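Below, each chain spelled out in residue letters.
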Amino acid sequence: MRVVVVEDDAGMAAAVVDGLWAQGFDRVDHLSHGLDLLTSHTGYDAVILDLGLPDVNGYLVLRQLRKVSSVPVVVLTAEGDELAVVSCLRAGADDYVVKPARVSELAARLEAVVRRWQATDYRPAIVVTGDVRVDLVARSVEVAGQPVALTQKEFAVARALAERAGAAVGREELMDEVWGEKNPSISRSLDVHMGGLRAKLNRPGLITTIHGFGYRWDR
Ligand code: CA
């Protein structure tokens with residue numbers, strides 16, 4: 001599991017980072033400012049967010065983050081700050097841990113929120129990969145802040161892949177979901193729409209072809 005810890009207290013951050021490494025996490029990065037998270041939240045399975053940060057209150061960071069990402073967030077809060085906890089849960093935090101955080105509890109809560117996030121029936125509202133932003137509810141796609149005009153089928157293909165970002169999606173599954181059936185002519189149509197989608201997004205490497213199987217949208 002890849003986690004980023006946003007915490008300005010160096011001692012606290014070091015204890016959490018070292019503790020999560022010791023728990024066998026794959027990657028544990030540390031940021032000391034809230035705004036840094038808004039520019040570098042991709043590629044993580046979960047975020048640990050302190051509320052008392054030097055630049056921007058963690059609650060405001062969370063609200064901004066939720067406009068662009070559904071990554072699981074566990075908030076670190078001071079003891080007795082129930083109002084802050086409730087505000088954060090309403091703003092989209094997945095869970096919270098009261099400081100001083102016990103690393104074993106933090107790890108368990110992280111694992112639980114990530115499991116829920118990765119559950120098969122989960123469908124995010126917004127998928128952000130690098131500078132590509134897919135809003136599955138508004139049916140819009142932006143690259144580097146600019147809207148990209150996709151055809152209905154191109155968007156349907158993008159959505160089918162983006163909402164399973166990081167997972168391989170078979171061609172047959174794609175055809176079934178986008179066209180409602182699968183046959184050789186639809187298979188050719190998929191190639192055409194995939195070509196159109198890739199050209200319009202212009203982000204080589206975003207959609208990987210898995211030969212003999214299908215495609216994967218990068219996380
Ligand atoms: Ca702090």
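Residues numbered from 1 in each chain as written. Predicted model: local features only at pLDDT ≥ 70, side-chain atom pairs only at ≥ 80, totals over all residues. Heavy atoms only, no water.

### As for the sheet that holds strand S7 (residues 132-135)
Let me state the cut-off plainly: At least two bridges found by DSSP between two strands are what make those strands a pair. For the purposes of this entry, the term helix denotes a DSSP run of H or I that reaches at least four residues, the term strand denotes a run of E that reaches at least two, and both are numbered from the N terminus. Note on geometry: axes are C-alpha line fits, over the in-contact stretch for helices, and angles between N-to-C directions span 0 to 180 degrees. Contacts: residue pairs with any heavy atoms within 4.5 Å of one another.
Pairing is antiparallel across the open sheet formed by four strands, whose spatial order is S6-S7-S8-S9. Both outer strands of the open sheet, strand S6 (126-129) and strand S9 (146-148), are each paired with one neighbouring strand and no more. The mean inter-strand angle of the sheet, taken between neighbouring strand axes irrespective of direction, is 25°. Bridge count between S7 and strand S8 (residues 140-143): four bridges; the pairing is antiparallel. Across the sheet, residue Asp135 finds its bridge partner in S8, namely Ser140. Running at roughly 100° to S7, helix H6 (residues 152-162) makes contact with S6, S7 and S8 of the sheet.

### Things to note about the pattern of salt bridges
Operational definition: For this analysis, a salt bridge means a side-chain nitrogen from Lys or Arg found within 4 Å of a carboxyl oxygen belonging to Asp or Glu. Only protein chains enter the accessibility calculation, which uses a 1.4 Å probe. A residue is then buried if its area is under 20% of the maximum for its type, exposed if over 50%, and partly exposed in between.
On inspection of all chains with the given rule, the structure shows 16 salt bridges. Linking Asp45 and Arg2 is a salt bridge whose minimum nitrogen-to-oxygen distance equals 2.9 Å. Of this pair, Asp45 sits in the loop between helix H2 (34-39) and strand S3 (46-50) while Arg2 sits in strand S1 (residues 2-6), and the two are 43 residues apart along the sequence. Where Arg219 meets Asp45, a salt bridge forms, and the shortest distance between an N and an O atom there is 3.4 Å. You can see Arg219 sitting in the segment after strand S12 (214-217) and its partner Asp45 sitting in the loop between H2 and S3, a full 174 residues away along the chain. We classify Arg219 as partly exposed; its relative accessible area is 35%. The class of Asp45 is buried, set by a relative accessible area of 7%.

### As for the packing of helix H1 (residues 10-22) against helix H5 (residues 103-118)
For clarity, the threshold we go by: For classification purposes, angles smaller than 35 degrees are called roughly parallel, those larger than 145 roughly antiparallel, those between 65 and 115 roughly perpendicular, and all remaining angles oblique. By the definition used in this description, the sense in which the near helix is turned from the far one sets the handedness, with an anticlockwise turn below a right angle giving left-handed and a clockwise turn giving right-handed. Residue classes follow a fixed rule: Ala, Val, Leu, Ile, Met, Phe, Trp, Tyr, Cys and Pro count as nonpolar, while Asp, Glu, Lys and Arg count as charged, and any other residue, Gly among them, counts as polar.
Between H1 and H5, the least distance of the axes is 10 Å, while the angle of their chain directions is 65°. Put simply, H1 runs roughly perpendicular to H5. Considering how the two elements wind past one another, H1 and H5 form a crossing that is right-handed. Along the contact surface, H1 presents Ala15, Val16, Gly19 and Leu20, while H5 presents Val103, Leu106, Ala107 and Leu110. Here the contact of H1 with H5 is built from residues that sort into seven nonpolar, one polar and no charged.

### Observations concerning the sheet that holds strand S10 (residues 168-170)
What the three strands build is an open sheet, ordered S10-S12-S11; its pairing is antiparallel. Unpaired on one side and paired on the other, S10 and strand S11 (207-210) mark the two borders of the sheet. Direction aside, the axes of adjacent strands within the sheet are offset by 30° on average. Each of S10, S11 and S12 touches H6; the most contacted strand, S12, lies at about 70° to it. Along the sheet, helix H8 (residues 184-201) contacts S11 and S12; its crossing angle with S11, the most-contacted strand, is approximately 150°.

All quantities given are derived from atomic positions and should not be read as evidence of function.
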